[in-house]
Amino acid sequence: MGKIKDYDKLKEIIEKFNINGFIEDIRPISNGIINTTYVVTFKNKGETKKYLLQKINTNIFKEPYRLMKNIENVTNYIRNKDKDCKDSVTVISTKEGAPLYVSEDEFSHKEYYRVYNYIDNSITYNKSINKNVVYNTGKAFGHFQKILRNYPMELLEETIENFHNTKKRYSDFLESYKLDAVGRKEKAYQEICDVMSRQEVCSIIVDLLNKKKIPYRVTHNDTKVNNVLMDPKTGEPIAVIDLDTVMPGSGLYDYGDGVRSAASTALEDEKDLSKVSIDMELFKAYTDGYLSEMASYLKPAEINNMVNSIRIITLELAMRFLSDYLNGDTYFKTNYEDHNLDRTKNQLKLVKNIEDKMPEMEEYVKSCYKKYKGISKVKKNS
């Protein structure tokens, strides 16, 4: 196999970091959709070790040092507090002690590179209908919130403003609707009406935060199955990864998006809407995993809005797709003209299915919460 493109440049960059040994191999990872990632293999005194080298996408993450401050502080906190930690993301500093190395491309634009440890003997799943995998995904993100429940929030930066602020997303949608930049309003008439009919839903979590009925927590903000490394033999979670969107927020958004992504029966751009629904068994599996870790630490308003959060985050994504469609597809990558409209229809169908199942889901959350809250009390008293 020949050298990858920019091998010599990447070799020069990785050598700026505090790693012993010599480079044996550099290979690109193709499944990342935001940052550019490479696995670099080092050999030192007969021992082989791997690292992840990443070039940060500064179109999305405009302040890389603030981003790395969050990641360094959170990962250090996890290592110090989590006695059950099997492995964790570790930031490798440069030889000067910095979390990033800054280079330049051929146009003199700054490029920001970072290095993490590579967690070997692990597996990720892009999507799974296996209840055990979904349970362990919920457990991993629940554990993540549990360990960080007392994290000093003043240390946490907001790296993407209003990332999960459904009230603001609704305002942005209204602006896109009024502007109708590319004349698509009439074609999306039904979807616009469907979103507008749910305006009040958009304010629920934001208002609870503002009224201090629920706390700000350290939130991951991308709680998908593929952001949990799992043990290939036992299936148990090893580490939560992809911490770029770690910010202050509501844990409800993390839980809701975890269920939305893990328990949906179809991809986000499935055109056959008869295939789009929430799989109740996978919803139960994720909820079990999450509450097995977090039941003792949630506020009453968080418990009461867990199911609501699944609807709200799904509606938020529908609004984002619809706003982008009305704006002329300026944010999400599209493969054809009405791709974002199809995504909108898909997520609105999922919203409707969630709404139909909410009574059943509410009952399950209550019973599951009581079960794990009871187990926690027994452990404390034993």
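Provided above is the structure to which this section pertains.
Residues numbered from 1 in each chain as written. Predicted model: local features only at pLDDT ≥ 70, side-chain atom pairs only at ≥ 80, totals over all residues. Heavy atoms only, no water.

1. Things to note about the overall build of the protein
Inference 1: Per the secondary structure count, the protein includes eleven helices and ten strands.
Inference 2: Taking 2.2 N^0.38 as the reference for a compact globule, 382 residues should give roughly 21 Å; the C-alpha atoms of the protein span a radius of gyration of 22 Å, in line with that estimate.
Inference 3: Each principal axis of the C-alpha distribution contributes one length, and for the protein these read about 65 × 60 × 40 Å.
Inference 4: Across the protein, every contact between residues at least 6 apart in sequence was considered, and the portion connecting residues at least 24 apart equals 73%.
Inference 5: If you sum the accessible surface of the protein, you get close to 19,200 Å²; carbon and sulfur atoms cover 46% of it.
Inference 6: For the protein, the separation between the mean place of its 60 positive charges and that of its 57 negative charges on side chains is 5 Å. (Helix = DSSP H or I, 4+ residues; strand = E, 2+ residues; numbered from the N terminus. Rg over C-alpha atoms; globule rule 2.2 N^0.38 Å. Contact = heavy atoms within 4.5 Å. Areas by Shrake-Rupley, 256 points an atom, 1.4 Å probe, with all protein chains shown as cover. Lys, Arg positive; Asp, Glu negative; His and termini not counted. Charge placed at Lys NZ, Arg CZ, Asp CG, Glu CD.)

2. Remarks on the nonpolar core
Grouped burial of nonpolar side chains is what soluble globular proteins tend to show.
Inference 1: By size, the foremost hydrophobic cluster in this structure holds 90 residues, and its most contacted members are Val74, Phe144, Tyr255, Phe283, Leu291 and Met306.
Inference 2: Ranked by residue count, the leading element in this core is helix α11 (residues 339-381), at twelve residues.
Inference 3: Setting aside chain neighbours within four positions, we find Phe283 in contact with Tyr255, Val259, Ala263, Ile278, Ile310, Met361, Tyr364 and Val365.
Inference 4: Ile4, Tyr7, Phe17 and Tyr113 belong to the second largest nonpolar core, which has 17 residues in total. (Core = buried A, V, L, I, M, F, W, Y, C linked by side-chain atoms within 4.5 Å. Buried < 20%, exposed > 50% of the residue type's maximum accessible area, 1.4 Å probe, protein only.)

3. Observations concerning the pairing of strand β9 (residues 237-240)
Inference 1: Strand direction decides the pairing type here: strand β8 (residues 228-230) and β9, joined by three bridges, are antiparallel. Within β9, the position partnered with Val228 by the bridge is Val240. (Pairing = 2+ DSSP bridges.)

4. A closer look at the packing of helix α4 (residues 166-179) against helix α5 (residues 189-196)
Inference 1: α5 packs onto α4 with a crossing angle of 150 degrees between their chain directions and a minimal axis gap of 12 Å. Between α4 and α5, the interaxial angle falls into the category roughly antiparallel. By crossing handedness, the relation of α4 to α5 is classed as left-handed. In this structure, α4 uses Tyr170, Phe173, Leu174 and Tyr177 to contact α5, whose residues at the interface are Ile192, Val195 and Met196. (Axes fitted to C-alpha atoms, helices over the stretch in contact; angles between N-to-C directions. Parallel < 35°, antiparallel > 145°, perpendicular 65-115°, else oblique. Left-handed = near helix turned anticlockwise from the far one by under 90°.)

5. A look at the packing of aromatic side chains
Inference 1: Counted by the stated rule, this structure contains nine aromatic pairs.
Inference 2: Summarising the aromatic geometry, the rings of Tyr77 and Tyr151 are spaced 5.1 Å apart at their centres and angled 80 degrees between planes, so their arrangement reads as edge-to-face. With a gap of 74 residues between them, Tyr77 in helix α2 (residues 64-81) and Tyr151 in the loop between α3 (131-147) and α4 connect regions that are remote in the sequence. Each member of the pair, Tyr77 as well as Tyr151, is classed as buried.
Inference 3: Three or more aromatic residues joined by ring pairs form one cluster here, namely Tyr255, Tyr286 and Tyr290.
Inference 4: Sitting over the ring of Tyr177, Lys185 keeps its end group 4.9 Å from the ring centre.
Inference 5: Of note, Lys271 hangs over the ring of Tyr336, and the distance from its end group to the ring centre comes to 4.5 Å. (Phe/Tyr/Trp six-rings, centres within 6.5 Å; stacked < 30°, edge-to-face > 60°. Lys NZ or Arg CZ within 6 Å of the ring centre and 35° of its normal.)

6. What about the environment of Leu155?
Inference 1: Tracing the chain through its elements places Leu155 in the loop between α3 and α4.
Inference 2: With relative accessibility at 35%, the residue Leu155 sits in the partly exposed group.
Inference 3: Along the sequence, Leu155 and Tyr51 sit 104 residues apart, while their C-alpha atoms lie 27 Å from each other.
Inference 4: Contacts of Leu155, omitting those with residues within four sequence positions, involve Lys69, Asn70 and Asn73.

7. A word on α3
Inference 1: Along its 17 residues, α3 runs 24 Å from first to last C-alpha, staying within 8% of the 24 Å computed at 1.5 Å per residue.
Inference 2: Taken across its 17 residues, α3 has 13 buried, putting it largely inside the fold.
Inference 3: Where α3 begins, the side chain of Asn130 points an oxygen toward the backbone nitrogen of Asn132, at a separation of 2.7 Å. (Expected span 1.5 Å × (residues − 1). Polar contact = N/O pair within 3.5 Å; in protein donor to acceptor, adjacent residues only side chain to side chain.)

8. Structural notes on the pattern of salt bridges
Inference 1: A full pass over the atoms with the stated rule returns 25 salt bridges.
Inference 2: A salt bridge links Arg260 to Asp257; the nearest nitrogen and oxygen atoms lie 2.7 Å apart. With Arg260 and Asp257 both in helix α7 (residues 251-263), this residue pair falls three residues apart, about one helical turn.
Inference 3: Here Arg260 falls in the buried class, since its relative accessible area comes to 4%.
Inference 4: Using a relative accessible area of 8% as the deciding quantity, one classes Asp257 as buried.
Inference 5: Here Glu281 makes a salt bridge to Lys284, at a shortest N to O gap of 3.8 Å. Of this pair, Glu281 and Lys284 both sit in helix α8 (residues 280-294), separated by three residues, roughly a single helical turn.
Inference 6: Judged by relative accessible area, which is 40%, Glu281 ranks as partly exposed.
Inference 7: For Lys284, a relative accessible area of 22% translates into the label partly exposed. (Salt bridge = Lys/Arg side-chain N within 4 Å of Asp/Glu carboxyl O.)

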